[in-house]
Amino acid sequence: MASYMILDPPRRADDDRARFVADGFSWGAFLFPALWLFAKRMWLFGIAVAVLQILLISLSVIGGGLLAALLLHLALGLMVSLEGPVFIARRLIARNWTVRSIVPARDLETAEEIYFANVAPADRKAAERPSVDWPRQAPANTGPGLGLFESYGER
């Protein structure tokens, strides 16, 4: 089960433009790491990975380097497929997108259903809560209490 990070664009709290970024394994990133990064507009990382892939291909030509090149290529694909979505989220956060929520779900449709079920529609205003001015009182017993937890909520 993947978790989806929901990000909002800068200076807007518009749910229609919210972006869902899945934090999980990506087969496209595993099989074609540089192309996947280019498709996600991560140009510098894509160029770096493409250069590494070219170097690994040239390493495989050297005698005895095929196994090393294959293992390093698998490691590179695994790193991009697991950390690529995190790079996307970090890039959006660096562009002043705000993290709205993190939703664990099986797929994107389920994550959208869970998220939009908990978000109130924009046209419906939240009910105004009356402000109650409760008198502030000092706690009756400020000394140590009996039990597993402290009386002031520490663990």
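Residues numbered from 1 in each chain as written. Predicted model: local features only at pLDDT ≥ 70, side-chain atom pairs only at ≥ 80, totals over all residues. Heavy atoms only, no water.

> I would appreciate a short explanation of the overall build of the chain in the present structure.
Each helix and strand counted, the chain has five helices and three strands in total. Helices (α) and strands (β) of the chain occur, in sequence order from the N terminus, as β-β-α-α-α-α-β-α. Taking all contacts inside the chain whose residues are at least 6 apart in sequence as the whole, residues at least 24 apart take part in 64%. Working note: accessible area of the chain is about 12100 Å², and carbon and sulfur atoms make up 61% of it. (Helix = DSSP H or I, 4+ residues; strand = E, 2+ residues; numbered from the N terminus. Contact = heavy atoms within 4.5 Å. Areas by Shrake-Rupley, 256 points an atom, 1.4 Å probe, with all protein chains shown as cover.)

> Just checking my understanding: could you explain unusual backbone geometry for this structure?
Residues other than glycine predominantly adopt negative phi, and peptide bonds predominantly adopt the trans conformation. Positive phi is not limited to glycine here, since Arg41 has a value of about 60°. For Arg41, the location among the structural elements is in the loop between helix H2 (33–39) and helix H3 (43–61).

> Is there a simple way to explain the layout of surface pockets in this structure?
Rolled over the atoms, a probe sized like a water molecule indicates the empty space that remains. Of the pockets and cavities examined, the largest pocket occupies roughly 180 Å³. Taken together, Arg19, Phe20, Val21, Ala22, Gly24, Phe25, Ser26, Trp36, Lys40, Pro85 and Ile88 make up the full set of residues lining the largest pocket. Going through the elements one at a time, strand S2 (19–23) and helix H4 (66–94) are the ones with two or more residues in the lining of the largest pocket. (1 Å grid on protein atoms, 1.4 Å probe; cavity = no way out; pocket = protein on both sides within 12 Å on 5 of 7 lines; lining within 4 Å. Points joined across faces, edges and corners; volume = space filled by probe spheres on them.)

> What exactly am I supposed to notice about the pattern of salt bridges here?
Here the idea is simple: oppositely charged side chains can pair when their charged atoms come close. Scanning the model with the defined rule gives one salt bridge in all. A salt bridge links Asp8 to Arg100; the nearest nitrogen and oxygen atoms lie 2.5 Å apart. Pair noted here: Asp8 is in strand S1 (residues 2–8) and Arg100 is in strand S3 (residues 98–105), with a separation of 92 residues, a long-range link. Assessed through its relative accessible area of 2%, Asp8 is described here as buried. Accessibility expressed as a relative area gives 37% for Arg100, which makes it partly exposed. (Salt bridge = Lys/Arg side-chain N within 4 Å of Asp/Glu carboxyl O. Buried < 20%, exposed > 50% of the residue type's maximum accessible area, 1.4 Å probe, protein only.)

> It is not clear to me how the packing of aromatic side chains should be interpreted in this structure. Could you clarify?
How two aromatic rings sit relative to each other is given by the distance of their centres and the angle of their planes. Evaluated as defined, the whole model comprises eight aromatic pairs. Measuring from centroid to centroid gives 5.0 Å for Phe25 and Trp27, while their planes differ by 80°, and the two rings are edge-to-face. Here Trp27 and Phe30 contribute two aromatic rings whose centre-to-centre distance is 6.0 Å and whose plane-to-plane angle is 90°, an arrangement assigned as edge-to-face. Taken together, the residues span about one helical turn, with Trp27 and Phe30 both in helix H1 (residues 27–31) at a distance of three residues. Given a relative accessible area of 21%, Phe30 falls into the partly exposed group. An aromatic cluster of three or more residues is present, and its members are Phe20, Tyr115 and Phe116. (Phe/Tyr/Trp six-rings, centres within 6.5 Å; stacked < 30°, edge-to-face > 60°.)

> Could you clarify how one ought to interpret the packing of H3 against H4 in this entry?
Packed helices, taken two at a time, are described by the angle between their axes plus the distance between the axes. Their axes nearest at 8 Å, the elements H3 and H4 cross at an angle of 165°. As the angle between them shows, H3 and H4 are arranged roughly antiparallel. Crossing geometry of H3 relative to H4 is assigned as left-handed. From H3, Phe45, Val49, Leu52, Gln53, Leu56, Leu59 and Ser60 reach across to H4, where they touch Leu66, Ala69, Leu72, His73, Leu76, Val80 and Phe87. (Axes fitted to C-alpha atoms, helices over the stretch in contact; angles between N-to-C directions. Parallel < 35°, antiparallel > 145°, perpendicular 65-115°, else oblique. Left-handed = near helix turned anticlockwise from the far one by under 90°.)

> Mind showing me how you'd approach the pairing of S1 here?
Side chains on a regular strand alternate between the two faces of the sheet. With five of seven residues buried, S1 lies mostly within the body of the structure. When S1 meets S3, the two strands line up antiparallel, connected through seven bridges. In the strand pairing of S3, Ala2 is matched with Ala105. Pairing of S1 with S2 involves five bridges; the strand directions are antiparallel. Of the residues in S2, the one forming a bridge with Ser3 is Asp23. (Pairing = 2+ DSSP bridges.)

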